[in-house]
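Residue-level listing of the chains:
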Amino acid sequence: MEAAASALNKSGSGGSERSSSDEKGMFEYFGWVYHLGVNSIGHEYCHLRFLFIRGKNVFMYKRDPHDNPGIKPIRQGVVGPTLMVEELGRRKVNNGDVYVLRFYNRLDEAKKGEIACATAGEARGWIEAFDHAKQQAEYELSKGGSARDKLNMEAEINLEGHRPRVRRYARGLRKLIRIGQGPETLLRQSSKLAVRPDAFEGDSGDALEAHKWKCVLTTAGIRIFEDVSDRKNGKGVLAKSVGVIDATADTVFEVILNTDQRQRYEWDILMCDLELVESYDGHYDVVYGTYDPKYLSRWHSKQDFVFSRQWFRGQDGAYTILQFPAIHKKKPQRSGYRRAKINPSAWEIRNLNTPMGLNSPRCLVTHTLEVDSSSWHQWKKSQCSKFERTVPYALLSQVAGLKEYITANPILHQEYATTIVHPKSSDGSISSGEYEDEVQDEFYDAIAAESSSSDEESDDDDDKNYEKGPRVKLKNVSWAITTLALKRTAAPVLSEELDPHVTPVTINPSDLRGSLHEGKDDNDTNCWTSPSGKGFMIRGKNYLKDNSKVVGGDPLLRLIAVDWFTVEQSVDKIALHPRCLVQSEAGKKLPFILVINLQVPAKPNYSLVLYFAADRPVNKDSLLAKFVNGSDAFRDSRFKLIPSIVEGYWMVKRAVGTKACLLGKAVTCKYFRQDNFLEIDVDIGSSSVARGVIGLVLGYVTNIVVDLAILIEAKEEEELPEYILGTVRLNRLKPETAVPLEV
């Protein structure tokens, strides 16, 4: 351990700095990870490895090459065009909690495997590192890559007539970026990764919420709010406590999930005696706890409780933790205890922007729960009622306890930032020749295959320390990557996205019907409508300068129909099915149709198919044309969805959120371009996080009104402001009315 820490300090001191004039577009990421896999005789292993990414080249070492000049990588390769990366969430490996990433080739899912990181933030850092690698590969290809590289990317990139716009993404990234803090972090002694404070856009979402929050109390450095928008419905009051904590969102997330009694005794007066009952798929667990209510009231017996926790990390780095009362067969009511029902609650943890010159990270922590209305209003009137001795008040006070606990522990609230070192002249311990010609195979091929030497299986003594304890069955690591096509585009004047020289056709809704009917008014159920874009916030003209967003306008495309199917297995290319309106005579006459096939995993599976139509052909010089006719990689990097639960259970609102999501980076999307349509098949089941959220939504779907907005993300100044492609409102769907689709 001491040697590992020493090596880490040397690495951070600048010993790895390297650059030369012909490497302006290169960047380097490096850090410690766990390589999880199965060896040739079927034994699972968990090896500590040093992962190094330079440009599009990836290397795996047994030791830090900055401190061991001349060491050879045990695995190496270049990124390929077909990698899919999935966060599998939190998992216990060798008695320690780690965050697992799954890599697989979308063209050959037999090539797959896993690595593990110390924190969710580090896992996200590696995902971003590989995302930069694919941008570098794209940049090199545009400048004239090798014949093999062009062959690998031929089916996924279109260079015809376009000059790549890559300087904001790949050019000038002359820096070394260390992810994580070394082996001691992976051994769970501490959690020390902070995300750069300028990485996020702030606390606001991308859809307008119906909640109306009013501050009713400030105490112990936190604010307590009441939602005053729902008083008339007679239900419980929605309340939340909000506080700013001097730590990263990663750190706060780890503290909240930690069930260690000694730590929780220092900040949590309610949920301090906890026991993990069971974990599922890395993003869900069940916890049992007991508490002595003498700290709240003298008149009650001891109580126990069971609750479930479901968590996920958004693309903006914000965490959401949902807590529900639960029942588990392993934990019946304990003798001498009264079973308590913990209020459903939701934690939201979001990094805040840190002013320039300050090295102290901060995050905004919000804890929301539903409170009995009678005790809440009585407490508000007198502020000396028994509400302060109740479980809900103890839950609201957790934010204050968390804030004080982290403030009192400097190791938690100091910034463990990603190290960024601007390179000097080339004198690094890794020769530049090591990256040339020698690396010809795609990295997923190199890392998935058995090592050519026996190094991987007959590991050093220091690796044996990490193999002790219960074995976990894991898969071999494989690597591949999806390229990102970045093309210059003209300013997106909405009227010019469709061909202005063509006379619009008349779209007759009566000729274009789906299995789900269009709603007549807001009181109609099991139906769809198309709202305006005024409920969504999109990037404005000056977004690249000041991150400003504006209220969306009317959609470019018209929603003409919605199909609600039930299927035995997920169906791709659904637009080719004879029952699909695209194959109808009226559908074939439309200039362009965008088909969004949302594949919902359930028992049975569902397909929610949205049809957006244009009354004119797509302008060949528009951003929409580049999306419709571009590569899958370009589409993945731009296809954006903004969700908003307009009406429904507040916990579902918290789970779904209102932040925009790049669907191509969150789940597997397949694209099918033919004739007058583009179909996008969105496999929601390809992500364990998405499966968890959609499972929660389906449980309340008959009481939910949800709005969705579809966009093409604008990344260049010429593409701003953004516009909304299409919108849909789904009003209280009934799963049993889905129409069976035979394939």
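Since the model is a prediction, treat every value here as computed from it, not as a measurement.

**Student:** I would appreciate a short explanation of the environment of Glu736 in the present structure.
**Tutor:** Relative to the assigned elements, Glu736 resides in the loop between strand S31 (724–731) and strand S32 (739–740). Classification of Glu736 by relative accessible area gives exposed; the value is 61%.

**Student:** Hey, could you run me through the pattern of salt bridges in this one?
**Tutor:** When the charged atoms of two side chains lie near each other, side chains of opposite charge can form a pair. A complete count under the given rule lists 25 salt bridges for this structure. Two residues, Asp131 and Lys665, come together in a salt bridge whose shortest N-O distance is 2.9 Å. Residue Asp131 is located in helix H2 (residues 120–144), and its partner Lys665 is located in helix H19 (residues 663–666); the two are separated by 534 residues in the primary sequence. Judged by its relative accessible area of 17%, Asp131 falls in the buried class. Between Asp572 and Lys670 there is a salt bridge, with its nearest N and O atoms 3.2 Å apart. On the criterion of sequence distance, the pair formed by Asp572 in the loop between strand S23 (558–567) and helix H15 (585–588) and Lys670 in strand S28 (residues 668–674) is long-range, its members being 98 residues apart. Look at Lys670 and you get partly exposed, because its relative accessible area is 45%. Residues participating in the shared-partner salt-bridge network are Arg90, Lys92, Asp97 and Glu254.

**Student:** I'm lost on helix H9 (residues 398–407) in this one. Help?
**Tutor:** Every α-helix winds through 3.6 residues per turn, so residues three or four apart in the chain are directed the same way. The element H9 is extensively covered by neighbouring structure, given that 8 of its 10 residues are classed as buried. Here H9 has its buried residues at Gln398, Val399, Ala400, Gly401, Leu402, Lys403, Tyr405 and Ile406.

**Student:** How should I be thinking about the sheet that holds S23 in this particular structure?
**Tutor:** Strand pairing within a sheet occurs via backbone hydrogen bonds; the two strands may be parallel or antiparallel. An order of S28-S29-S24-S25-S23-S32 is seen for the 6 strands of this open sheet, with the pairing classed as mixed. Edge strands, defined here as strands with exactly one partner in the open sheet, are S28 and S32. Both S23 and strand S25 (residues 605–614) contribute to a ladder of 9 bridges, which runs antiparallel. Bridge pairing in S25 places Phe565 opposite Ser607.

**Student:** What's the story with the packing of aromatic side chains in this structure? I'm lost.
**Tutor:** Pairs of aromatic rings are described using the distance from one ring centre to the other and the angle between the two planes. Inspection of the entire model under this criterion finds 14 aromatic pairs. Aromatic side chains Phe30 and Phe52 sit 6.0 Å apart centroid to centroid with 10 degrees between the ring planes, which places their arrangement in the stacked category. Of this pair, Phe30 sits in strand S1 (residues 28–38) while Phe52 is found in strand S2 (residues 44–54), placing the two residues 22 residues apart along the sequence. Across the pair, exposure class does not vary: Phe30 and Phe52 are buried alike. Ring-pair connections join several aromatic residues into one group, and the members of that group are Phe30, Trp32, Phe50 and Phe52. Just above the ring of Phe225 sits the side chain of Lys240; from NZ or CZ to the centre is 5.4 Å. Lying across the ring of Tyr288, Lys331 places its NZ or CZ 4.9 Å from the centre.

**Student:** It is not clear to me how unusual backbone geometry should be interpreted in this structure. Could you clarify?
**Tutor:** Apart from glycine, the bulk of residues carry a negative phi angle, and the bulk of peptide bonds sit in the trans form. Each neighbour pair has its own omega, and for Lys603 with Pro604 the value is 0 degrees, a cis peptide bond. In this fold, Pro604 is placed in the loop between strand S24 (592–600) and S25. With omega at -5 degrees, the peptide bond leading from Leu720 into Pro721 counts as cis. Along the chain, Pro721 turns up in the loop between strand S30 (705–712) and S31. At Asn526, a position not held by glycine, the phi torsion is positive, near 50 degrees. Along the chain, Asn526 turns up in the loop between helix H13 (494–497) and strand S20 (527–529). According to the relative accessible area criterion, Asn526 is buried, its value standing at 12%. Although it is not a glycine, Lys573 sits at a positive phi angle of roughly 50 degrees. Mapped onto the fold, Lys573 is located in the loop between S23 and H15. According to the relative accessible area criterion, Lys573 is partly exposed, its value standing at 44%.

**Student:** Explanation requested: the nonpolar core in the structure shown.
**Tutor:** Taken as a class, soluble globular proteins show a tendency for nonpolar side chains to be buried jointly. Trp126, Val252, Ile349, Val365 and Leu402 are the most contacted members of the largest nonpolar core, which has 68 residues in total. With 8 residues, H2 is the largest single contributor of residues to this core. Here this core gathers at least three residues from each of two domains, domain 1 (24–143) and domain 2 (213–415). Beyond its immediate chain neighbours, meaning those up to four positions away, Val365 contacts Ser241, Val242, Gly243, Ile245, Val252, Trp347, Glu348, Ile349, Val399 and Leu402.

**Student:** What is the right way to read the sheet that holds S20 from this model?
**Tutor:** The strand order S20-S31-S30-S26-S27 describes an open sheet built from 5 strands, whose pairing is antiparallel. Because the sheet does not close on itself, it has two edges, and the strands there are S20 and strand S27 (661–662).

**Student:** Explanation requested: the side chain of Asp285 in the structure shown.
**Tutor:** Along the polypeptide, Asp285 turns up in strand S13 (residues 284–291). Of the residues examined, Asp285 reaches a relative accessible area of 4% and is grouped as buried.

**Student:** Where do I start with the pairing of S25 in this structure?
**Tutor:** Successive residues of a regular strand alternate their side chains across the two faces of the sheet. Most of S25 sits inside the fold, with 10 of its 10 residues counted as buried. Going residue by residue along S25, you find Asn605, Ser607, Val609, Tyr611 and Ala613 tucked away on one face and Tyr606, Leu608, Leu610, Phe612 and Ala614 tucked away on the opposite face as well. Pairing of S24 with S25, which is carried by 9 bridges, proceeds in the antiparallel orientation. Across the sheet, the residue bridging to Phe592 is Ala614, located in S25. Between S24 and the antiparallel strand that follows it, S25, lie 4 residues.

Parameters at a glance
- Residues numbered from 1 in each chain as written.
- Predicted model: local features only at pLDDT ≥ 70, side-chain atom pairs only at ≥ 80, totals over all residues.
- Heavy atoms only, no water.
- Helix = DSSP H or I, 4+ residues; strand = E, 2+ residues; numbered from the N terminus.
- Buried < 20%, exposed > 50% of the residue type's maximum accessible area, 1.4 Å probe, protein only.
- Salt bridge = Lys/Arg side-chain N within 4 Å of Asp/Glu carboxyl O.
- Pairing = 2+ DSSP bridges.
- Phe/Tyr/Trp six-rings, centres within 6.5 Å; stacked < 30°, edge-to-face > 60°.
- Lys NZ or Arg CZ within 6 Å of the ring centre and 35° of its normal.
- Core = buried A, V, L, I, M, F, W, Y, C linked by side-chain atoms within 4.5 Å.
- Domains from an automatic or database assignment.
- Contact = heavy atoms within 4.5 Å.

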